[in-house]
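# Results of the structural survey
Chain by chain, the residues:
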Amino acid sequence: MTVKNNNIKFYKGEQIPIELHKVRIVQKLFLKPIEERKEAIDKAGYNTFLLNTKDIFLDMLTDSGTNAMSDNQISSMLQADDAYAGSQSFYRMEEALREVFGKHYVLPVHQGRAAENIVSQAFIKKGDVIPMNYHFTTTKAHMELNGGKVLEIFGDDALQIKSDKPFKGNIDINKLKDIYKKYGKEKVAFVRMEASTNLIGGQPFSMQNMRDVKKICVENGTMMVLDASLIGENAYFIKQREQEFKDTTIKDILLEMCSYADLVYFSSRKVSSTRGGGIVTNSEELYLKMRDLLVLYEGFLTYGGMSVREIEAMAVGIQETCDETIISQSPSFIAYAVTQLDKAGIPVITPPGALGCHLDAKGILSHVPQQEYPAGALAAALFLVSGIRGMERGTVSSVRDEEGNDILSDVELLRLAFPRRVFTLSQTMYVIDRVKWLYDNRELVGGLEWTEEPPLLRFFMGRLKPKTNWPEKLIAKFKKDFGDSL
Ligand SMILES: *Cc1c(COP(=O)(O)O)cnc(C)c1O
């Protein structure tokens, strides 16, 4: 027996997450003065995606491709078998996926959105609808490109910032039934469930919800698709929050989750701390519909755009997803940060989810109208006062309607990602401290406006500027409070 997860009890103290690993390779970080951070964010057009890591202290943009690899993953890369076709590395990965996801056919792709491209092209016709718990940016873009319409059918509590509902990622079963009544089953391309629903704060769905959704899919002869990019954390939350599973192993929870899906796709940048991604299924018919697209877009069937080294690391990473001490690491640090911020009265998504700590920019910057992008402004302001890079998940990440008006996002979030095993507890405490300072000085932060706005996925490459000289005011207050400290 060994300890199962990071939630170790402390004598008298409050709950502190503990690292169940030791650090054996490190990368030096630089904390630059606030004036240099100002230059950097000006140059980046107030879009944190366009910052250069040399100017960043703690990079909390995403967990995509930034989780720390294990010693076993890195050593596995040395045995990679270089071959265009039939590489041993692929067969090792295929074996790992069959074992962990319980699916026989394996299609490797270069990253998650490549899987979305293939699944969307293979299974969506013009005029189809795709019901789901919530969209993901690249998912929606691919589905719409193929003429599909995304229908989000989350429960009433899903978008509530403060909540004690354990499964805000659930699909609302009545809304799903209504879709079949309204559109007819022929129009439903498939039902998509996203594990640890990314854009609403890394919120999980329950196993019971999967069972209920599956039942309706079966009744209507619809395929169920699982986006498993964050499946490990969702499985961990099922174990923590769903009574029936408190003694079930993560491995068995993962297998049951996948058993309800006809097709599972994922980004390995998240699920296995590497690069790449994949699509798996037990249906030969589904496999054959995707196989030729894979060769056309990704590469041959035994590498799919990945290097053999990545494939080896992915095989090990997929196995490690079954290890609760590994998949609980990020959620336990997130829970710590969320609890501290919540206690300080700062609007933050609760209950704590996967992926990151999500600050409610609408609540924090209530004086900044949504048309002036409060989440984008908060992301820029936090970088300015701390060197921490988060990601805007609000109206900047949305699109415009046909008349050219912004479609205002349901929620305005600043996401501070906690990639697995990357940051220490003292760094986490620095994050909490600077967010608290920014909250106390929130009145100084103003809005943003576009200077360059690309039509597709504008949040990646677009540039903005402050509507007033609020960054200068924020810097002056920062220097007054912190003096020469950076
Ligand atoms: C990141 C992510 C994707 C896309 O994966 P990439 O590897 O970044 O292309 C798809 N779905 C979800 C839920 C994700 O979190």
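One structure accompanies this document, and this report is about it.

About the cut-offs
- Residues numbered from 1 in each chain as written.
- Predicted model: local features only at pLDDT ≥ 70, side-chain atom pairs only at ≥ 80, totals over all residues.
- Heavy atoms only, no water.
- Helix = DSSP H or I, 4+ residues; strand = E, 2+ residues; numbered from the N terminus.
- Rg over C-alpha atoms; globule rule 2.2 N^0.38 Å.
- Buried < 20%, exposed > 50% of the residue type's maximum accessible area, 1.4 Å probe, protein only.
- Contact = heavy atoms within 4.5 Å.
- Phe/Tyr/Trp six-rings, centres within 6.5 Å; stacked < 30°, edge-to-face > 60°.
- Lys NZ or Arg CZ within 6 Å of the ring centre and 35° of its normal.
- 1 Å grid on protein atoms, 1.4 Å probe; cavity = no way out; pocket = protein on both sides within 12 Å on 5 of 7 lines; lining within 4 Å.
- Points joined across faces, edges and corners; volume = space filled by probe spheres on them.
- Nonpolar A, V, L, I, M, F, W, Y, C, P; charged D, E, K, R; others polar.
- Domains from an automatic or database assignment.
- Pairing = 2+ DSSP bridges.
- Axes fitted to C-alpha atoms, helices over the stretch in contact; angles between N-to-C directions.
- Near = heavy atom within 4 Å.
- Polar contact = N/O pair within 3.5 Å; in protein donor to acceptor, adjacent residues only side chain to side chain.

## Comments concerning the overall build of the chain
Scanning the chain from terminus to terminus reveals 19 helices and 14 strands. Taken against the 2.2 N^0.38 rule, which gives 23 Å for 486 residues, the C-alpha radius of gyration of the chain at 22 Å falls within 12% of a compact globule. Each principal axis of the C-alpha atoms in the chain carries an extent, and together these give about 65 × 55 × 45 Å. Taken across its 486 residues, the chain has 59% of its residues classed as buried. Sequence-distant contacts in the chain: of pairs separated by 6 or more residues, those separated by 24 or more amount to 72%.

## Points about the packing of aromatic side chains
Tallying each qualifying case throughout the model produces 16 aromatic pairs. Look at Tyr 373 and Trp 450: their rings are 5.7 Å apart centre to centre, the planes differ by 70 degrees, and that puts the pair in the edge-to-face class. Taken together, the positions of Tyr 373 in the loop between α15 (361-364) and α16 (374-386) and Trp 450 in strand β13 (residues 448-452) put the pair 77 residues apart, joining distant regions of the chain. Under the relative-accessibility criterion, Tyr 373 is labelled buried at 2%. Aromatic side chains Phe 478 and Phe 482 sit 4.7 Å apart centroid to centroid with 45 degrees between the ring planes, which places their arrangement in the tilted category. With Phe 478 and Phe 482 both in helix α19 (residues 470-482) and four residues apart, the pair spans about one turn of that helix. Taken together, the ring pairs in this structure connect Phe 49, Phe 459 and Phe 460 into an aromatic cluster. Above the face of the Phe 482 ring, Arg 434 is positioned so that its terminal group lies 4.2 Å from the ring centre.

## A look at empty space enclosed by the protein
In this structure the tally under the stated criterion is four cavities of 30 Å³ or more. Counted as a void, the largest cavity has a volume near 90 Å³. Lining the largest cavity are Tyr 46, Asn 47, Thr 48, Phe 49, Gly 376, Ala 379, Glu 392, Val 396, Leu 448, Phe 459 and Leu 464. Grouping the amino acids of the lining of the largest cavity by side-chain chemistry returns seven nonpolar, three polar and one charged. Quantified by volume, the second largest cavity comes out at close to 60 Å³. If you trace the second largest cavity, you find it lined by Asp 63, Asn 67, Ser 229, Leu 230, Glu 233, Lys 270, Val 271, Ser 330, Leu 355, Phe 418, Pro 419 and Arg 420. Counted by class, the lining of the second largest cavity contains five nonpolar, three polar and four charged residues. A domain split of the lining of the second largest cavity shows at least three residues from each of domain 1 (7-63 + 326-482) and domain 2 (71-322).

## What about the sheet that holds strand β9 (residues 356-360)?
Ordered by their spatial adjacency, three strands build an open sheet running β9-β12-β11, and the pairing between neighbours is antiparallel. Among the strands making up the open sheet, the edge pair consists of β9 and β11 (391-393). Ignoring which end each strand starts from, the neighbouring axes of this sheet average 30 degrees apart. Here β11 runs beside strand β12 (residues 413-417); their pairing, made up of three bridges, is antiparallel.

## Side note on the site of the ligand
Contacts to the ligand come from 14 residues, most closely from Gly 112, Arg 113, Asp 227, Ser 267 and Lys 270. Separating an oxygen atom of the ligand from a backbone N or O atom of Gly 112 is a distance of 2.8 Å. In this structure, Asp 227 approaches the ligand through a side-chain N or O atom, which is 2.7 Å from a nitrogen atom. Of all elements in the fold, only α4 (112-123) and α10 (268-271) reach the threshold of two or more residues within the shell around the ligand. Top contributing element to the shell around the ligand by residue count: α4, with three residues.

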